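Residues per chain are reported as follows:
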Amino acid sequence: MKDWIKQTSLALALGAACLATAQAADDVRTGQAAYGDWHADAPGVMRRITPADVVAPLASPSAANRSRVVPQPAGAQLATMPGFTVKPFATGRDGARVVRIAPNGDIFLSQSRPEGKITVFRPSATGDAPEKTEIFAANLKDPYGIAFYPPGPDPKFVYVGIEGGVVRFPYHVGDMMAAGPAETIVSGIPKGVHWTRDVAFSPDGATMYLAVGSGSNVANEMEGRPADLAAFEKSHALGAAWGREEYRADVLRYTPEGKERGVYAAGIRNCSGLAIQPGTASVWCATNERDLLGDNTPPDYVTSVKPGAFYGWPWYYIGDHEDTRPGDGPRPDLKGHVTVPDVLLQPHSAPLGMAFNPGGMFPADWTGDAFVALHGSWNRANHTGYKIVRLPFKGAQPTGDYQDFVVGFAAGEADVWGRPVDVVFAKDGSLLFTDDGNGVVYRVTYAK
Amino acid sequence: MKNIWFVVSVLLTALQPHAIRAQDASLDTCWSCHGQQGLPTDATIPIIRGQRADYIEAQLRAYRSGDRENQIMNSMAESLTREDIPRQAALIASLGWPHTTAPQASAGADLVAGCKGCHGADLMGGPSPVGPAPRLAGQNAAYLKSQMVAFAEGQRSNQEVMQALMKTIDADSKTAIAAYLAGLATTPTP
């Protein structure tokens, strides 16, 4: 009898699982149906946008619809998928931007503007609130990316991306206040327009990556075209921009001491979030594409970044889609040499931070998936973004789909009560994400 | 033969990428944030209608070059041509600053004495020795406060005198100054 029950329930469970899979496959919104605004968001909704779906420029007018951040309206709640719970972990954290985890589980938060500081939370035993909070470092200009070096259980430094470059602080695991003053590691990074500077290390500790966004929307003002482009590209990278955009719209690489600068990859308009994929050591970027081409052009993207690859900015987007706006002339020579990003997202979503799920709390088959914070649109008639999405992976490869995971920050057509910036997995496997609209760090937990 | 050339020329035209033209330079784009009647619904956004043309022009140039930073305005200013900027500035300036006779906020008069050297005795702006100074009387308080903070903290770095000055003023005074300026009656503009 017992066996019969077991077998029947197993069969039922298998059937349900198959049904769920089939349903999920059918439910992926593709082609033009994949595009849309916050009205179409719901936990679990899956989308897939491919290069073939890229909409012609100005198929719709370029809109300006800046969101107004309001306090959480009475009754407004975030929505997430069954089994998950989302709650504030810390509030009153103005300018909450990048969030990273120390080897002992301490939570490092950059409060960028105008605070200019790094805050550290030590989570309580249950993980649902800070037990202790300290200021790790203050009086920084636009602190953003945070990285521990060397990688592994015993880092000796905390690196912080700031205006103009990278600084580092001496660190021992458990420190909640910097053990010494900031030491400048990289200086001379140009300021202006895209100001976030994310930083990450290769797992072997040999390479420091620094993401520097473009100094403009689409380089209308770029001038000073190198007379010998081949020589310029040899010393920089395929598709590297010049003049005021030199060493911008790039992922740069250095030694951990800030020496031997090189362009790791070019043409990435604004890689706001750098991440290293566990197991493969590959570099990933969450990237904001260009403005003023209409509601659904062009897709933002999340991609593995291949060394020496060119991702299009400013002359091309999503492969060989040409943009004629850059100053200083076209680059027909680059056509056919533009690397297509891995996962395309709804245009103007504004993906900022990303993280890979190391496992430990979320469903086992979500281990290795990427999660991305979408800060939300301004250059679109109706708002889009303002949510956390999941990018499913099969092994080390993304499926190309993405799924609404936490939604609900929109409060009508004009107002939002949160703007997600970064995501990170805490030591207990829960997901933390930041909101710089109302200065909140949220925590998402899972229980079967 | 003629027909073949016609076909070839059509094909050649079709093969050329469609030029992406600059955004239509009508003011509707501005009003989508800065208010249809020149009065933004969001007080963190400045009133621009009737602002001094020289100041608007200087700011659009700063946004275009990246010297002043704001994601939306950087893209917007970049999409204007160099010739568009003075034309747009003149057009916006010509609309007239909102005339208000609002009762003044009580505190703050003494705090703004130092502003008048550049921004004018009536705080309606002026051509100051360090560049065009904007109208402040009647401007949105939340915007004024945000700019004072941005000058002090360095996020707005296109005016050295304001950067130095704002570093010397504490947060409470900034709030009081912003409230006082926003509540000032304005002088009618032509």
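So, how was this worked out
Residues numbered from 1 in each chain as written. Chains lettered and ligands numbered in written order. Predicted model: local features only at pLDDT ≥ 70, side-chain atom pairs only at ≥ 80, totals over all residues. Heavy atoms only, no water. Pairing = 2+ DSSP bridges. Helix = DSSP H or I, 4+ residues; strand = E, 2+ residues; numbered from the N terminus. Axes fitted to C-alpha atoms, helices over the stretch in contact; angles between N-to-C directions. Contact = heavy atoms within 4.5 Å. Buried area = accessible area lost by both parts, 1.4 Å probe. Salt bridge = Lys/Arg side-chain N within 4 Å of Asp/Glu carboxyl O. Polar contact = N/O pair within 3.5 Å; in protein donor to acceptor, adjacent residues only side chain to side chain. Nonpolar A, V, L, I, M, F, W, Y, C, P; charged D, E, K, R; others polar. Parallel < 35°, antiparallel > 145°, perpendicular 65-115°, else oblique.

Caption draft 1: Representation of the sheet that holds strand β2 (residues 46–48) of chain A. Residues and elements named next belong to chain A. Pairing is mixed across the open sheet formed by 6 strands, whose spatial order is β1-β2-β28-β25-β24-β23. Single-partner strands in this sheet number two, and they are β1 (28–30) and β23 (351–356). Sheet twist, expressed as the mean angle between neighbouring strand axes with direction ignored, is 30 degrees.

Caption draft 2: Structural context of the interface of chain A and chain B. The interface of chain A with chain B comprises 30 residues on the first partner and 30 residues on the second. Summed over both sides, the interface of chain A with chain B buries roughly 2600 Å², with 51% coming from carbon and sulfur. The three residues of chain A that bury the most area against chain B are A:R66, A:E221 and A:W378, which together make up 22% of that side's buried surface. For the interface between chain A and chain B, the tally reads 4 salt bridges. For B:R64, the salt bridge goes to A:E221, with nearest N and O atoms at 2.4 Å. At the boundary of chain A with chain B, the tally comes to 17 residue pairs in polar contact (both at pLDDT 80 or more). Class assignment of the residues belonging to the side of chain A that touches chain B gives a composition of 11 nonpolar, 6 polar and 13 charged.

Caption draft 3: Structural view of the packing of helix α3 (residues 53–65) of chain B against helix α4 (residues 71–79) of chain B. Residues and elements named next belong to chain B. Packing of α3 against α4 brings their axes to within 7 Å, and their N-to-C directions diverge by 100 degrees. For the element pair α3 / α4, the angle class is roughly perpendicular. Residue-level inspection shows L60, Y63 and R64 of α3 in contact with α4, the latter providing M73, N74, A77 and E78. A class-by-class count of the residues in the contact of α3 with α4 yields 4 nonpolar, 1 polar and 2 charged.

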